[in-house]
Amino acid sequence: MKTSNPVLARLGQAAERERSAGYAQPGPYGYGQPGIPQQYPGQPGSPVAPTVSGTMTVDDVVVKTVALLAILGVSAAAAWIVVPDSVLGVAWIGAAMVGLVLGLIISFSRVANPALVVAYAIVEGAFVGLVSKVYETAYQGIVLQAVVATFGVFFVMTMLYKARVIRATPKFVKGMIAVMAGLFAVMLINLVLALFGVNTGLRDSSPLAIGFSLVCIVVASLSFVLSFKEVEDGVRMGLPARYSWTAAFGIVVSLVWLYLEMLRLISYFQGDD
């Protein structure tokens, strides 16, 4: 089963190699014997198939996503309570950098590593908790508003995808990947310039900033379509069950991004009061 997502395609190739290695009958020199064709389950005369681990299912992804969100929530609450205000800025910047590195490693790795995904949820949870504390201190009640808005958008996108109102066509996938890469580059450049005291107007309460946040929210919302497509393709490709952690990771990343943009956008309007 082919997929238009390059990351998932690499995972599918890795899973195919695992299945081939698991099905091949072991001989004295490893899998397969010299001069003797390898036999696979289902072939005439083949021996009993070796035990193969379960494959990824939609239920697996749902359970893993809920688990990651629970871990992220606990980590966020712990960071909110434990980290003193005096080191709040340094702490959330550090957590953001570590989370970014872990996210990139998971995204471009060819293997599913549940430990890395859980570590990402812990670190990203600390980052989200610290940032939320900063916003809540400045704008009381904003965190609850952002959480409700985030999950509201998520459920709407889920329903739209399930009803096939929005489809992850190859052109849509390629376009989304290009747009997300462009937004990431713009935000990274803006962050670097901000460190040197340069204000581009993208992250203040100006009309430009509001427009940019709205664009980010729309793109973050549409990124769920990519995640849902990855889950469907992963199930069809028969990826091993542990790859459900990778699929759940993609959904959590989109949720965190959408939540942060919701926080920022709501703060713009509350700041005008």
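As a reminder, the structure under discussion sits directly above these lines.
Residue numbers restart at each chain and count upward from 1, following the sequence in its written direction. With pLDDT at 70 or above as the cut-off, local features in this predicted model cover only qualifying residues; side-chain atom pairs require 80 or more to be listed or tallied, and sums for whole chains, interfaces and linings still use all residues. Hydrogens and water molecules were not included; the side-chain quantities draw on all heavy atoms of the structure.

(A) Looking closely at the nonpolar core. Ranked by size, the top nonpolar core spans 61 residues in total, and within it M56, L68, F224, V225, Y259, L260 and L263 carry the most contacts. Looking at this core element by element, the count peaks at 17 residues for helix α8 (residues 244–270). Residues in contact with M56, not counting those within four places in the same chain, are V61, E230, V231, G234, V235, L239, P240, A241, Y243, S244 and A247. Nine residue types can take part in a nonpolar core, namely buried Ala, Val, Leu, Ile, Met, Phe, Trp, Tyr and Cys, and a core is a set of them joined through side-chain atoms within 4.5 Å. Only protein chains enter the accessibility calculation, which uses a 1.4 Å probe; a residue whose area is less than 20% of its type maximum is buried, one above 50% is exposed, and one in between is partly exposed. By size, the runner-up hydrophobic cluster in this structure holds five residues, among which are V83, L88, A126 and L130. Helix and strand definitions follow DSSP, with helices as H or I runs of at least four residues and strands as E runs of at least two, each counted in order from the N terminus. Between two residues, a contact is recorded if the distance between any of their heavy atoms is within 4.5 Å.

(B) Looking closely at the layout of surface pockets. Taken as a whole, the second largest pocket spans an internal volume of roughly 450 Å³. The wall of the second largest pocket is formed by 17 residues, among which V58, V62, T158, F228 and I251 lie closest to the centre. Put simply, the parts of the chain that give the lining of the second largest pocket at least two residues each are α2 (58–82), α5 (142–162), α7 (207–237) and α8. Split into classes, the residues belonging to the lining of the second largest pocket amount to 13 nonpolar, two polar and two charged. Using a 1 Å grid laid over the protein atoms alone, points where a 1.4 Å probe fits but cannot get out form a cavity; open sets with protein on both sides within 12 Å along at least 5 of 7 lines form a pocket; any residue with an atom within 4 Å of a point counts as lining. Grid points are joined across faces, edges and corners, and a volume is the space filled by probe spheres set on the points. All amino acids are sorted into three groups, where Ala, Val, Leu, Ile, Met, Phe, Trp, Tyr, Cys and Pro are nonpolar, Asp, Glu, Lys and Arg are charged, and the leftover types, Gly among them, are polar.

(C) Main features of the packing of helix α6 (residues 170–195) against α7. Here an axis means a line fitted to C-alpha atoms, over the contact stretch when the element is a helix, while the angle between two N-to-C directions is reported on a 0 to 180 degree scale. Running from N to C, α6 and α7 point in directions that differ by 140°, and their axes come no closer than 10 Å. Classed by the angle they form, the pair α6 and α7 counts as oblique. The two elements α6 and α7 meet at a crossing, and its hand is left-handed. Along the contact surface, α6 presents F172, V173, M176, V179, M180, L183, V186 and M187, while α7 presents F212, V215, C216, V219, L222, S223, V225 and L226. Of the residues that constitute the contact of α6 with α7, the class distribution is 15 nonpolar, one polar and no charged. Each angle receives one of four descriptions, namely roughly parallel if under 35 degrees, roughly antiparallel if over 145, roughly perpendicular if within 65 to 115, and oblique otherwise. Crossings are assigned a handedness: left-handed for a near helix turned anticlockwise from the far helix by less than a right angle, right-handed for a clockwise turn.

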